[in-house]
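# A closer look at the structure
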Amino acid sequence: MDDKGRMSRLSSLLRRRGIVLPSFEIYGGVSGLIDYGPVGARIKRRVVNSWIEHWGKVPNVVEIDSPTITPESVLVASGHVGEFNDKMSECKSCGGAFRSDHLLDGLHDNPEILDSSDLDELISTNGVKCPSCGSQDWSGASPMNLMFQTSIGAMGGSRAAYMRPETAQGMFMLYPALYRHFRQRLPFGAMQTGKGYRNEISPRQGMIRLREFNMAELEYFIDPENPPSTDLSRWQRRISMLPDPDGPHSSEIEATIEEAFETGIVKHPTVAWFLAMTMQFLVDVGVDPEKVRFRQHASTEMAHYASDCWDCELSGEHGWIEVVGIANRTCHDLESHEKYSKSGLLRGWRNFEYPVNESRETLKPVGSVIGPAFRGRAADVAEALSELTDLPEIIPFTLTLADGTTVEIEEGMVTRCLQESVVSGEYFTPHVIEPAFGIDRIIWHILDHNYLELEKEGEEYTILALEPSVAPYDLVVLPLFDKDGMGAMAREVLQRIGSISGIFAEIDTSRSIGRRYARSDEIGVPWAVTVDHQSLDDGTLTIRRRDDQRQVRVDIDTLIESLTSKSLQSLF
RNA sequence: GCGCCUGUAGUGAAGGGGUUAUCACAAGAGGUUUCCAACCUCUUGUCCCGGGUUCGAAUCCCGGCGGGCGCACCA
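Quick caveat, the model's predicted, so the values are computed rather than measured.

Quick notes on the rules
- Residues numbered from 1 in each chain as written.
- Chains lettered and ligands numbered in written order.
- Predicted model: local features only at pLDDT ≥ 70, side-chain atom pairs only at ≥ 80, totals over all residues.
- Heavy atoms only, no water.
- Pairing = 2+ DSSP bridges.
- Helix = DSSP H or I, 4+ residues; strand = E, 2+ residues; numbered from the N terminus.
- Axes fitted to C-alpha atoms, helices over the stretch in contact; angles between N-to-C directions.
- Contact = heavy atoms within 4.5 Å.
- Parallel < 35°, antiparallel > 145°, perpendicular 65-115°, else oblique.
- Nonpolar A, V, L, I, M, F, W, Y, C, P; charged D, E, K, R; others polar.
- Buried < 20%, exposed > 50% of the residue type's maximum accessible area, 1.4 Å probe, protein only.

## Remarks on the sheet that holds strand β13 (residues 253–255)
- Pairing in this open sheet of 9 strands is mixed, and the strands run β3-β10-β11-β21-β16-β15-β14-β12-β13 from one edge to the other. In this open sheet, the two edge strands, each paired with only one partner strand, are β3 (61–63) and β13. The mean inter-strand angle of the sheet, taken between neighbouring strand axes irrespective of direction, is 25 degrees.
- Note that strand β12 (residues 239–242) and strand β14 (residues 292–296) share 3 bridges and pair parallel. Residue pairing across strands places S240 opposite R293, the latter belonging to β14.
- Running at roughly 160 degrees to strand β10 (residues 188–197), helix α2 (residues 38–56) makes contact with β3, β10, β11 (212–222) and β21 (431–438) of the sheet.

## Quick notes on the packing of helix α12 (residues 367–374) against helix α13 (residues 378–386)
- As a packed pair, α12 and α13 sit with axes 8 Å apart at the nearest point and diverge in direction by 130 degrees. Relative to α13, α12 is oriented oblique. Facing I370, G371 and F374 of α12, the residues of α13 in contact are A378, V381 and L385.
- Class assignment for the residues of the contact of α12 with α13 results in 5 nonpolar, 1 polar and no charged.

## A word on the side chain of T270
- Following the sequence through the fold, T270 ends up in helix α10 (residues 269–284).
- Given the relative accessible area of 1%, T270 is considered buried.
- Every residue in contact with T270, bar those within four places of it in the chain, is listed here: Y220, I222, P227, P228 and I433.

Written as structure tokens, this is what we have:
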């Protein structure tokens, strides 16, 4: 079977069976937007649920949910407005598009701050040549905004906003509430799943580059001086890793995460732990462990907020694709939000091992003298006095205010006093380790890795060998024939199964039994329960296992019990 | 955004300036059938959108939208 055809056969299957389809198709479709159909939506829900459960087991990790509409100011602070508004210049000769500021590298100290007309002028006066064809015929620099713009408020006076390009900012916005929730104790984490939006220039490759996509992100807040200790020894699987090409370990290796951390390839213990947990998650939802690798970002390609960054890449029909980014965002986000919002709540408190006694000599302003003497500037004088670190030996002296002006401080304006205090700890800005998952990309690879084209009695036969935890249905109930009471009994069985919480089943009565097995195999249903003639006599049913088509006969109570305890596998 | 290729039932394809657009599979109804896409009868359903050329356009031309690949961009 040729490899070129496999992807189109898989895509056909996804459409035909209502798993993933193009959106708005009767109106011609929109590039970069997809629908999950009735079967795909169930798979997606279960992948997302698996993700929430996986990380929810970590102590001190909670789920939150925040708006997708985000005020501009938040994204200015996060750096997205600057970062996602690059100006592009296009070569009129060959059609190549380049970042305008990159064209001016070496010609201007800080081309990023230039506006469009300055960029155009510098490009033309310096005779910048097109890197691909050498021509000098440039279109005007125009912003390439990768965020969807909107505004809050229907009438004039509305507030600029964007559809969020990531969910992470929601967690940062909620930091004060999280800090309270966890009773001021780090580490803790917050996660959310939901939509993110990026107005890609050219979305491609099916569900790989979307304009509206499902993300799942976790922000784990730690004290950088006391990173949580982690036990990496429970993961002994060897994983393919591509360390930073500019670093000391530049070639691809196979190692356990523990080894990678001990040899310094992974620098941060918490990052190492997240790499291991990520691998675990992917394997649990049915990604082929042989098609996973972790790639460390070179220092040059790191996102604006990250100090160390690993991609988890999966191999499939589209080659190696990044599906998870694990970044040490350090204190960047919280610090930046503190600066822009002037909020004082984006911090953690760390107790010293031993309290420190501090004594400090200060010059305390005498209000009744300072006030009349300096009038409107009195407050500035008091401020400047409190910030003095080296107290002058003699009074009078000259004091420099915040605005750079000076005043003479004379005898009687201040009193010298000694402040004694016990300092038991200090404030700090927590660091953040962030795993960010692209759910749609993961779903694609789950489908890809589990799409098996087999041969059965000389015929092509397709199985979607999904992990039961992410299968669209847990099982399908099939009467051998829909008559003689078999159909009725199948419906009773379905009803009993339906009352088990967390179990989803459907019934299929049309056409031959073999065809119905094939249909359920094709959408990945792991179990089929068949009601046959013997069922009518003695109440037993057969359970068929998708992956080897073996069947066992059990009575209905055993079936219900096994389903409840999720131990169907043990019947075989 | 540029270049090349491309768009016909749910899926995959054939055809093509002139009656009612073809085939397979899938799907629905009925029959048959004692467990793996069997068989029989019947049925449903298609030329991406807009404009142009023409007596006549699904077919030719132009534009748009969508898809694939490459470049660029992006993670």
